[in-house]
Amino acid sequence: MSLEKQELLDLKSKIGREPTSTELQIVAAEWSEHCSYKSSKKHLKMLPMTGPLVINEKGYDSGVLDVGDGYVVTAHIESHNHPSAVEPYGGAATGVGGVIRDILSAGTRPIAIFDGLRFGNIENDLQARWLFKNAVTGIADYGNCLGIPTIGGEVEFDECYENYALVDVAALGFGKKDNLIKNHAKKGDLVVLMGGSTGRDGIGGSQFASDSLESEDRSAVQIPDPFIEKLIIEAVLQARNDGLIHAMKDLGGGGLSCAISETADALEIGIEMDVAKVHTRESDMHPDEIMVSESQERMLIVTSKAKLKKLEEICKKFRIGCSVIGNVKFDNQMHVKKGKKTFANLPTDVVANATLLDLPSKKPAYLKTIEDEKKFKPISNYSKTLMRLIASPNIASKIWVYGQYDHEVGIRTVVKPGADASILRLDNGKFLSAKIDGNPKQCYINPREGAIGCFEEACRNVVCTGAKPIGMLDHLQFGNPNDPEIFWTFLESLKGLTDFAKSFDIPCVGGKVSLYNETPKGPIKPTPVIGVIGLIDKKPSVPQKILSDDCLLLVGDTKDELGGSEFFEYIHKFVGGKCPAVNFDDSKKNMKSVLSLIKNDLVKSVHDCSKGGLAIAVSELSMTNQIGCKVSLEKVPGEKLDPDRVLFSESHSRYLLVCDKTNLSKIETILKKNKVSFKQIGKFGGDAIQFFNGVKSIIDLSVQKAHKTWIHALPNLVLHGKKSG
Amino acid sequence: MKVGVVVFPGSNCDRDMFHVLTDVFHLDAQYYWHEKGLPKNIDAVILPGGFSYGDRLRAGVIAAHSPIIKDVQKMAEKGIPILGVCNGFQILVESGLLPGVLLKNESLNFMCEWTNLIVENNKTPFTNQFKLNEKIPIPIANGEGRYYVDNDTMKKLKKNNQIVFRYSEIVNGSSDRIAGVCNEDGNVVGMMPHPERAVESEINPIDNKPSSLIFESLLTNMGATK
Amino acid sequence: MTVFNVHVTIENKPGISDPEGDTILNDLVLKGTHKTVSKIKTAKMLKFTIKEKDKKSAQSKIKEICDELRIYNPMVSKVTYTVISE
Amino acid sequence: MTVFNVHVTIENKPGISDPEGDTILNDLVLKGTHKTVSKIKTAKMLKFTIKEKDKKSAQSKIKEICDELRIYNPMVSKVTYTVISE
Ligand SMILES: Nc1ncnc2c1ncn2[C@@H]1O[C@H](COP(=O)(O)OP(=O)(O)O)[C@@H](O)[C@H]1O
Ligand SMILES: [Mg+2]
C-alpha cells in the first residue's frame, strides 16, 4: 500500500513535515481511488442529486427518499469486483454485507437486496462457471442468513469479463423519518467500535480494489460472517430506538482509517483514538494493520458517556464486541495512539480529501467504425434461431439464481422475482418497486446512448409495475482511468446519465465508481449499472393470468437498432452495429401512458421489450403464462424493416401490453390522445408461439418446449456443463 | 390468549410471525429472548424461522441448547400447543421434542419457492380446522429441509399419526415427502414451509385461506381449552 | 496438563445418501478427464484444541462433549476421533 | 491397479478466520460444562475412492483433480492429502 510520488509531496506540504509510517498507511488507504474517488469526483457533481423527495444529511452512506406519511426509503449500491474475482463466494457475500451496513448507518432497516452479476462466457469457460456458481451461493448464504429478501437483479455473460467478475449489490432500507440518525457529536462524546473483531484479513483491500488484478495482494481475502452482521443489525436498530446513537458509520474499504477520518471530517470534529482498545482477533497486530484492516461486520458509533452503558448492554445481549476506542475532540485532528504513544496525528480534512485529479480523455479509436454493420448470412429457420436465443445464457430464465435467494422473508414481497421488477409493500400502504440494469454490449458500442439505455430500461421495468420512478442509483464500472480512451467512455456515460436524470426529473440518490476493472486480456467493456426506485401510491400492477383471446399491443417504435443486441452477438457473433438510442420525448410519452393505463386498471399485464427484442419479450409472456400467441410482424409500429430486425431489434421505450378485448377501445383512445406510437400486434391462444410475416408463418414454437428449455438452460450449463437449444 | 414467540440470535422470521399473530389474528403475542424463561400463563409457543446461530454446525443444533428450550420442553409436557416453523422445526428436532432430522436439500441448494402441502393429520392444535387431504399453497425457504427418519421411527410416525403435512410432489427429497410432523401427543408440531408468509392475500399469489386455517386452528384450540 | 488436538470426523452412516459427494463425483470429476475415481464421500471435521492430562482423557472428554452437545446427529451420522498431537 | 482411499481435508488457511468454529466453541461448547477446550477449527473432508497403480500416483492424481476442478480455492483454503488404505 503506497502513495504516488506526487501525493507524497502533497501530503508533506499539507502537514509541513515527514509523515509517520502509520500516517502513510492511513492516507494511502483513504486516498485510494476506492475511498477518495479522486479520478471521478470532479465529474460526479454534474449528476442532479436533489429533488422534492430527497433528504440530504451529512455523513450518510446511502440516499434517503421521503415516501410520505413520515416514512423514508434508503438506497445504496456497491460492487465487490476484485475480491469476487479471486474468491467469488466470500467476495460476493461480503459485498452484500457492505451495502447492508450503508443502509443501516442511516438508521433504517434493510428490506431488500439486488444483485447484478457479470462473468465471462460460461458456455466454454470453466472458470467463469465456477465464479458464477460460487458468487450466487455467496449472495444466497449471506442475504438468506440476514433475513433480507433478495428480490431482483441481473445476470450477464460476456467475453470481456474472462477471468474476472463484476458483482454489484444494491440494497433498500425503510424506516420512520424521525428515526433517521442525525449525525452529530457533542463535547465529551465517545467513539465506539462495535461488531466483529479486527483481524488481518482484508489488509490492503481497498488499495487492492483500485489496482488491476495482476498486482493483487493475494492476502486480501475476506471471510463473510452473516451471523454477526445480523446481530449488528438488530443491535444497531435497538440502539437507534433507544436514542443511543449520535453518529454512525460502517467500516468498509480502508477500515478504521476511512471511517474515523470521514466521520470526523463530515462532523467537523477531531477524534482521538487508541488502537490498543480495538478488539482484535490476533494479539500481535501492529497499529498500521489495525488502522487499515478491512475486517467485515463492524460499525463505528459516536455516543455519549451517559448512553454508553445501555449501548454496551445491547451489544452484550447480541453477543457482539463493543469497544470504546476514542473520544471526540474539537481540534479537527485525527489522532491515533497506542497507549500514550502517538502513531498519527493529522488534520482530518487532509486525510479525508485527496487531491482530485483531472484526467485527460480522448475518444477511443475503435468507435469510428464500430457502428458499421457487416453482411450476415440470412436466417434460414427463425424458429430455431429463437429457440437458440431462448436457451442462451443471457436470456434463459434466471430462476436457478433467484430460487436460491429467500425473496419472501420480511413478508413485503407482493410481486416476486421473475417479473420485470419486484414489488414490496410499505407500512404506509404504498408500494415500492425497483430494478437494476446494465448493458455493457451497448455501452461498448456507444457509451453515452448505452448508459442512457440502461437507465431507461430500469425505468421501464419499474413502470411496468405501475410505479413512478423517484430515484436512481448509478454504479460506474470501467477499466483503468489513466487510459484517456477509457476515461472518455466514463465521461460520456456520466454525461448521458446526467442528461436523462435532469430531463426526467429523477434525482441520483447514490452511486459508486469502480475503476481499474482490468482482466488479463484488457479492460472490461464500460459497465454502468443503473438502479431505479419507483413508488406506487395506490395499487400495484400485479400481472394477471393471460387467457385465450386476450389482445397483445406494442407501444413504441421498433427501429433498425441491433448494435450490441443478443441477436448480433450470440447468433451472428458480431460485436458492433447501431446502438439503440432513447428518444427522450417518446420515452416520456410512453412511460406516462403506460402508467395511466395501469392506474385505470385497463391492462392485465405489462412487459418491457429489452434483451432479445420483441421475439423474446413475446416468448417470455407466453412461457410464463403457458399460453400461445400469434403475432403479425407487419403490424409492429415503426419503419418498415426486415423480419430479423423487427424480431430482434433492441430499441428502447417499448412495452408489451396485454388486455382483455373489452378494454381494447378504451386503451386505444388513451394512447391516441397521448400521441403514442402503438398497434395491436397479436392475440393470445393455442399452445404455440407464432410470428407471421404477412400470411407467411416464420416462427412456430411449442410453448411447452420453449418453456422447458428456457427454465433448464442455465442450471444444465452451470451444474452439468450441458448446452441446451 | 397469550402466544410466545421465541427469539434466538439469528432468528429472522420472528417479526413476520409476530405481525401475523397480532395484526392479522389479533392475538396477544410476546417475544421471548432465548436466555430468558417462559411465563407459566402462556397459551401457545411459536419458534419462528431464521438462521439461529447462523445455521452453524447444523441448523438448529446450537439453539436447541438454549436455556429457554427447557421451558419449551415443560410446556410441551403440559400439552400446550407448540409450533416450530422452518428453523423452529429444526430446533424442535434437534432438541428431541420432535423425531427425525432435517438434512441438506437434495439439490444441495437453498430453495425458495411455492409448494403445495397436503394435510395428513387434522387433529393437532394447528390443523383442526382442515379437512383431511386439504391442499395448502405455501412457500418454503430453506437449505436444510429434507426430513429424514430411519425405518423404525417411520413406522412409529405412521402408527401414531404423527405425519402432519406432506408435499404434494417431491420437493427436496424428504422421506415420504414429509413436510411437517408432530409429537406423540400431537401438541408439538414442526413444519418446514412458512405459514406466516401465506396468510395475507396481498403477498399470497394463489390462495391465502388454507394457510390462515393453521392460525385459526390455534384460535379454536385455545378457545376450547379456555 | 498438556494441549492436545483432537480431530472429530462426522460423516453419514453407511446407507444414508450423500448427495454432495455424489454430485462432486458425477458432475465434476467424472465430467473431466479422470475416470479412475469411483466414489466420493463428504465429511465434516472439527479440530478441537483441548488441555487434558493425557491422550486418553483428551479423547474421552471430546467424545463426551460430542455426545452430550449433539455435535453429530446419531440418527444419520457416525463419528471418528483421532488424537493428533500432544 | 489397486483401490485407494484418499482423504482430502480442506480448511481455512492460518490467519483466516473461521466463524463456524468460533460459534461452535463460544455458543455451544463453552456454554456447557467443559471449559478445557480452547479452540475449534472446522474443516471439510472429501474421501475419494480411486484405482491407481500405487499410493503415490493415487495421491498425485487426487491432487491434480482437486486443483483442476477447483475443489477448493487456494486463496482461502489449505488442503492436506492422506492416502489411507490400499
Ligand atoms: N442475479 C439475480 N438476482 C435476483 N434476481 C434476478 C437475478 N437475475 C435476474 N433476476 C430476476 O429475473 C428476472 C429477469 O431478469 P432480467 O432478464 O434482467 O429482466 P429485465 O430484462 O426485465 O431487466 C427479473 O425479475 C430479475 O429481477
Ligand atoms: Mg424487463
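The structure reproduced in this document is the subject of the present report. Nothing here was measured: the structure is a model prediction, and the numbers come from that model.

Secondary structure assignment for chain C yields two helices and three strands. In chain C, the succession of helices and strands from N to C terminus is β-α-β-α-β. Its C-alpha atoms give chain C principal-axis dimensions of about 50 × 30 × 15 Å. Among the 86 residues that make up chain C, the fraction classed as buried is 53%. Side-chain charges of chain C comprise 15 positive and 11 negative groups, with the mean position of each set lying 2 Å from the other.

All names here are of chain A. In total, this model carries 67 salt bridges over all chains according to the counting rule given. Here Arg 101 ties to Glu 229 by a salt bridge, and the two come within 2.7 Å at their closest N and O atoms. Linking Arg 101 in helix H6 (residues 88–104) with Glu 229 in helix H9 (residues 226–241), this pair joins segments that are 128 residues apart in sequence. With relative accessibility at 1%, the residue Glu 229 sits in the buried group. Across the pair Glu 123 and Lys 723 runs a salt bridge whose closest N-O atoms are separated by 3.9 Å. Of this pair, Glu 123 sits in the loop between strand E4 (109–119) and helix H7 (126–146) while Lys 723 sits in the segment after helix H25 (703–720), and the two are 600 residues apart along the sequence.

With that settled, the discussion passes to the coordination of the magnesium ion (ligand 2). Residue and element names in this part refer to chain A. Each protein donor to the magnesium ion (ligand 2) is listed here as Asp 420 (OD), Asn 461 (OD1) and Asp 608 (OD); together their distances run 2.0 to 2.2 Å. Spacing between the donor residues of the magnesium ion (ligand 2) along the chain follows D-x40-N-x146-D. Of this pair, Asp 420 sits in the loop between strand E14 (413–415) and strand E15 (422–425) while Asp 608 sits in strand E23 (residues 605–608); the two residues are 188 residues apart in sequence, bridging distant segments of the chain.

Turning our eyes to something else, we now look at the interface of chain C and chain D. With 32 residues of chain C in contact, the opposing surface of chain D contributes 32 residues. Between chain C and chain D the total buried area reaches about 2,800 Å² when both faces are included, carbon and sulfur atoms providing 61% of it. Ranking the residues of chain C by area buried against chain D places His 34, Thr 36 and Lys 47 of chain C at the top, with a combined share of 21%. The closest approach of N and O atoms between Lys 44 of chain D and Glu 20 of chain C, which form a salt bridge, is 2.5 Å. Where chain C touches chain D, the interface holds 18 residue pairs in polar contact (both at pLDDT 80 or more). Elements that contribute at least two residues to the side of chain C that touches chain D include exactly strand E1 (2–12), helix H1 (19–29), strand E2 (37–52) and helix H2 (55–68) of chain C. Sort the elements by how many residues they give to the side of chain C that touches chain D and E2 of chain C lands first, with 16 residues. Among the residues forming the side of chain C that touches chain D, the class breakdown is 14 nonpolar, seven polar and 11 charged. Both E2 of chain C and strand E2 (residues 37–52) of chain D contribute to a ladder of 13 bridges, which runs antiparallel. Opposite Lys 47 of chain C, over in E2 of chain D, you have Lys 41 of chain D as the bridge partner.

Moving on to the site of ligand 1. All names here are of chain A. In the vicinity of ligand 1 lie 20 residues, with Asp 115, Gly 418, Ala 419, Asp 437 and Asn 461 positioned nearest. One of the side-chain nitrogen or oxygen atoms of Asp 420 is found 3.3 Å away from an oxygen atom of ligand 1. Here Ser 610 contributes a side-chain N or O atom positioned 3.3 Å from an oxygen atom of ligand 1. When the free accessible area of ligand 1 is taken as 550 Å², the share hidden by the protein chains comes to 88%. Put simply, the parts of the chain that give the shell around ligand 1 at least two residues each are E4, strand E5 (150–157), helix H16 (399–402), strand E16 (431–438) and helix H18 (447–463). A total of four residues in the shell around ligand 1 trace back to one element, the largest contributor, which is E5. Along the lines of polarity and charge, the residues of the shell around ligand 1 split into seven nonpolar, five polar and eight charged.

A few words on the packing of helix H2 (residues 21–30) of chain A against helix H10 (residues 255–267) of chain A. All names here are of chain A. It is at 9 Å that the axes of H2 and H10 come closest, and there the two elements cross at 80 degrees. Viewed along their axes, H2 and H10 adopt a mutual orientation that is roughly perpendicular. Contact with H2, carried on its side by Ile 26, Ala 29 and Glu 30, involves Ser 257, Cys 258, Ser 261 and Glu 262 of H10 and no other residues of that element. Across the contact of H2 with H10, the residue classes break down as three nonpolar, two polar and two charged.

Moving on, we come to helix H1 (residues 14–24) of chain B. Within the span of H1 of chain B, buried status applies to Asp 14, Asp 16, Met 17, Val 20, Leu 21 and Thr 22 of chain B. Phi turns positive one or two residues past the end of H1 of chain B, at His 26 of chain B, with a value near 55 degrees.

The subject of this paragraph is the relation of the copies chain C and chain D. Superposing chain C onto chain D takes a rotation of 180 degrees plus a shift of 0.1 Å along the axis, which leaves an RMSD of 0.3 Å. Within this description, the copies of the chain are treated as partners about a two-fold rotation axis. Taking C-alpha positions as the reference, the residue of chain C nearest the rotation axis is Lys 44 of chain C, at 2.4 Å. Counting the interface residues of chain C, we find that 100% of their copies in chain D are interface residues as well, pointing to one common contact surface.

Here we take up the packing of aromatic side chains. All names here are of chain B. For the structure on display, the rule yields 23 aromatic pairs over all chains. With centroids separated by 4.3 Å and ring planes inclined at 20 degrees, the aromatic side chains of Phe 18 and Tyr 31 adopt a geometry described as stacked. Remark: Tyr 31 occurs in strand E2 (residues 28–33) and Phe 18 occurs in helix H1; sequence separation between them is 13 residues. For the ring pair Phe 51 and Phe 110, a centre distance of 6.3 Å and an interplane angle of 15 degrees mean the geometry is stacked. Here Phe 110 lies in the loop between strand E5 (101–103) and strand E6 (111–119) and Phe 51 lies in the loop between strand E3 (44–47) and helix H2 (67–78), a separation of 59 residues in the sequence. For the residue pair Phe 51 and Phe 110, the accessibility class agrees, reading buried in each case.

Thresholds applied
Residues numbered from 1 in each chain as written. Chains lettered and ligands numbered in written order. Predicted model: local features only at pLDDT ≥ 70, side-chain atom pairs only at ≥ 80, totals over all residues. Heavy atoms only, no water. Helix = DSSP H or I, 4+ residues; strand = E, 2+ residues; numbered from the N terminus. Buried < 20%, exposed > 50% of the residue type's maximum accessible area, 1.4 Å probe, protein only. Lys, Arg positive; Asp, Glu negative; His and termini not counted. Charge placed at Lys NZ, Arg CZ, Asp CG, Glu CD. Salt bridge = Lys/Arg side-chain N within 4 Å of Asp/Glu carboxyl O. Donors = N, O, S within 2.8 Å, 3.2 Å for Na, K, Ca; no water. Contact = heavy atoms within 4.5 Å. Buried area = accessible area lost by both parts, 1.4 Å probe. Polar contact = N/O pair within 3.5 Å; in protein donor to acceptor, adjacent residues only side chain to side chain. Nonpolar A, V, L, I, M, F, W, Y, C, P; charged D, E, K, R; others polar. Pairing = 2+ DSSP bridges. Near = heavy atom within 4 Å. Areas by Shrake-Rupley, 256 points an atom, 1.4 Å probe, with all protein chains shown as cover. Axes fitted to C-alpha atoms, helices over the stretch in contact; angles between N-to-C directions. Parallel < 35°, antiparallel > 145°, perpendicular 65-115°, else oblique. Least-squares fit on C-alpha atoms with pLDDT ≥ 70 in both. Phe/Tyr/Trp six-rings, centres within 6.5 Å; stacked < 30°, edge-to-face > 60°.

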